[in-house]
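# Inside the fold
The lines below spell out each chain.
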Amino acid sequence: MAYMLRRKGHTYIYQVDYGEEASVARVIVRSDAAGTEGLFLVKQDGSLEPAGDKPGFGANTLSRDGLWPTPPREAIADARVIAQQKSHMAG
């Protein structure tokens, strides 16, 4: 499922993804104008870790500090469920 957020005149789309990392889920963020995609890793407890240093992902060129806006709560909740499922499957 995708979630949308408007911030400072730009639209950000957040896509919850299973990902290849163990015990975490991905939230991939794209914008209407930035040339790169952002990445957040969501742990089983719902905590976020920005992961723009992974291959294929980068800084937000629309923001002075390069940070992507935090995903909506609903996206984090969906990703948390995936992370919990992955953790149970690994154990």
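Structural data are supplied above this passage.
Residues numbered from 1 in each chain as written. Predicted model: local features only at pLDDT ≥ 70, side-chain atom pairs only at ≥ 80, totals over all residues. Heavy atoms only, no water.

Turning our eyes to something else, we now look at the environment of lysine 8. Examined against the element boundaries, lysine 8 turns out to sit in the loop between strand 1 (2–7) and strand 2 (10–17). Sequence separation of lysine 8 and leucine 62 is 54 residues, and the distance between their C-alpha atoms is 9.3 Å. (Helix = DSSP H or I, 4+ residues; strand = E, 2+ residues; numbered from the N terminus.)

Taken as a whole and judged by the stated rule, the model has one aromatic pair. Geometrically, the ring pair formed by tyrosine 12 and tryptophan 68 is edge-to-face, given 6.0 Å between the ring centres and 90° between the ring planes. On the criterion of sequence distance, the pair formed by tyrosine 12 in strand 2 and tryptophan 68 in the loop between strand 5 (48–50) and helix 1 (73–90) is long-range, its members being 56 residues apart. Among the residues examined, tryptophan 68 registers a relative accessible area of 10% and is labelled buried. Directly above the aromatic system of tyrosine 18 lies the positively charged group of lysine 86, at a separation of 4.5 Å from the ring centroid. (Phe/Tyr/Trp six-rings, centres within 6.5 Å; stacked < 30°, edge-to-face > 60°. Buried < 20%, exposed > 50% of the residue type's maximum accessible area, 1.4 Å probe, protein only. Lys NZ or Arg CZ within 6 Å of the ring centre and 35° of its normal.)

Scanning the model with the defined rule gives four salt bridges in all. For glutamate 21, the salt bridge goes to arginine 26, with nearest N and O atoms at 2.8 Å. For the pair glutamate 21 and arginine 26, one class covers both residues: buried. For lysine 54, the salt bridge goes to glutamate 21, with nearest N and O atoms at 3.8 Å. Residue lysine 54 is found in the loop between strand 5 and helix 1, and its partner glutamate 21 is found in the loop between strand 2 and strand 3 (25–31); the two are separated by 33 residues along the sequence. For lysine 54, a relative accessible area of 28% translates into the label partly exposed. According to the relative accessible area criterion, glutamate 21 is buried, its value standing at 12%. Connected through shared salt-bridge partners, Glu21, Arg26 and Lys54 make up one network. (Salt bridge = Lys/Arg side-chain N within 4 Å of Asp/Glu carboxyl O.)

Keep in mind these values describe shape, not function.
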